[in-house]
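Coordinate inspection notes
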Amino acid sequence: MADTVLETAPLAIDEAAADRIFRHARTTSQWSDAGVTDTLLETAWDLAKLGPTAMNTLPLRLLVVRSGEAKQRLVPHMAEGNRPKVEAAPVSLVLAADPAFHEHLDELFPVYPGIREQLAPATEAREAMARKNALLQAGYLVVALRSVGLAAGPMDGMDFDGVDGEFFAESGWKSFMVVNVGVAEGEGSPYPRNPRLSFEQVARSV
């Protein structure tokens, strides 16, 4: 009975949206000539920022790499196999975690007065919180990009220290991923979709 319920449970979004966001979307490396405007990126962010993070910390930071000059600064810090992917993408987003997220908590988490001051000396704890919650937000961002009609190609083969030194020496942000962004050409990938694990393979009930 449980299998039947899972198979027939209706979606709360329409089928076209489910196709765009999940079923038909691919990790993309083949791009059309369509541009990626700041308006599209901002619209995606306005969705992604609503996903939950611990204490509404919102530590994800984005560096939008669009110009040829900026790409030439980023490319040498990418793993060799990822360099042509950055060069080909209309836009590359360097995703980073901001360990100084606590500076915004008076505004973002007013239900806990004093949390900014409490976290200020806790450098190690803040760095761990920033990374964990920024990773959560990265997932939200990929879904949000797909929701506005863009495709995403996330990758983490890179010299993180090199990227941080190149772009974030003053801010202290800590890079952890690059997401190439654009409009997919065709399916966005020359390869067939790989298999996924079923619910039964990944879930246990207790």
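Summarised in this report is the structure supplied together with it. Since this is a predicted model, take the numbers as computed values, not measurements. (Residues numbered from 1 in each chain as written. Predicted model: local features only at pLDDT ≥ 70, side-chain atom pairs only at ≥ 80, totals over all residues. Heavy atoms only, no water.)

Section: the overall build of the chain
Our working definition: We count a stretch as a helix when DSSP gives it H or I for four or more residues in a row; a strand needs E for two or more, and each element gets its number in order from the N terminus. Note on contacts: a residue pair is in contact if any heavy atoms of the two residues lie within 4.5 Å. What sets the accessible areas is the Shrake-Rupley method with a 1.4 Å probe; for residues, cover comes only from the shown protein chains. Positive residues here are Lys and Arg, negative ones are Asp and Glu, while His and the chain termini are left out of the count. Note that the charge is assigned to NZ on lysines, CZ on arginines, CG on aspartates and CD on glutamates.
Counting secondary structure elements, the chain contains ten helices and four strands. Across the chain, helices and strands are ordered from the amino to the carboxyl terminus as α-α-α-β-α-α-β-α-α-α-β-α-β-α. For the chain, the C-alpha atoms occupy an extent of roughly 50 × 50 × 30 Å along the three principal directions. Within the chain, counting contacts between residues at least 6 apart in sequence, those at least 24 apart form 81% of the total. Element-wise, carbon and sulfur atoms account for 55% of the exposed surface of the chain, whose accessible area totals about 12,200 Å². Separation of charge centres in the chain, based on 19 positive and 28 negative side chains, amounts to 3 Å.

Here we look at the environment of Glu103
One can find Glu103 in the loop between β2 (91–97) and α6 (105–108). The sequence separation of Glu103 and Ile115 amounts to twelve residues, and the corresponding C-alpha distance is 9.6 Å.

Some points on helix α8 (residues 123–147)
Put simply, the test is: Here the expected span of a helix is defined as 1.5 Å times the quantity of residues minus one. When a residue's accessible area, from a 1.4 Å probe over protein chains only, is under 20% of the maximum for its type it is buried; when over 50% it is exposed; and in between it is partly exposed.
When the terminal C-alpha atoms of α8 are compared, their 35 Å separation across 25 residues agrees well with the 36 Å that a helix rising 1.5 Å per residue should span. Taken together, the buried positions of α8 are occupied by Arg126, Ala130, Asn133, Ala134, Gln137, Ala138, Leu141, Val142, Ala144, Leu145 and Arg146. Phi turns positive one or two residues past the end of α8, at Gly149, with a value near 95°.

A look at the pairing of strand β3 (residues 151–155)
Threshold: Being paired, for any two strands, means DSSP has found at least two bridges between them.
For β3, the buried fraction is high: four of the five residues fall into the buried class. Here β3 runs beside strand β4 (residues 174–182); their pairing, made up of five bridges, is antiparallel. Bridge pairing in β4 links Gly153 to Asn180.

As for the sheet that holds β2
Just so we agree on the cut-off: Where helices are involved, their axes are fitted lines through C-alpha atoms of the stretch in contact, as for all axes, and angles between N-to-C directions lie from 0 to 180°.
Strand order in this open sheet of four strands is β1-β2-β4-β3, and the pairing throughout is antiparallel. Each having just a single partner strand, β1 (60–65) and β3 make up the two edges of the open sheet. Looking at each pair of strands side by side, their axes are set apart by 25° on average, direction ignored. One ladder, built from six bridges, connects β1 with β2; its direction is antiparallel. Residue Leu63 lies in a different strand from β2, and its bridge partner there is Val94. Most of the contacts of α8 go to β2, to which it runs at about 155°, and overall it touches β1, β2, β3 and β4.

Overview of the pattern of salt bridges
Put simply, the rule is: What makes a salt bridge here is a side-chain nitrogen of Lys or Arg within 4 Å of a carboxyl oxygen of Asp or Glu, nothing more.
According to the stated counting rule, one finds ten salt bridges in the structure shown. Note that Arg26 is salt-bridged to Glu187, the shortest N-O span being 3.7 Å. Of this pair, Arg26 sits in the loop between α2 (15–23) and α3 (38–48) while Glu187 sits in the loop between β4 and α10 (199–202), and the two are 161 residues apart along the sequence. Across the pair Asp38 and Arg66 runs a salt bridge, and its minimum N-O distance is 2.5 Å. Of this pair, Asp38 sits in helix α3 while Arg66 sits in the loop between β1 and α4 (68–74), placing them 28 residues apart in sequence. Taking relative accessible area as the criterion, Arg66 reaches 36% and is therefore assigned partly exposed.

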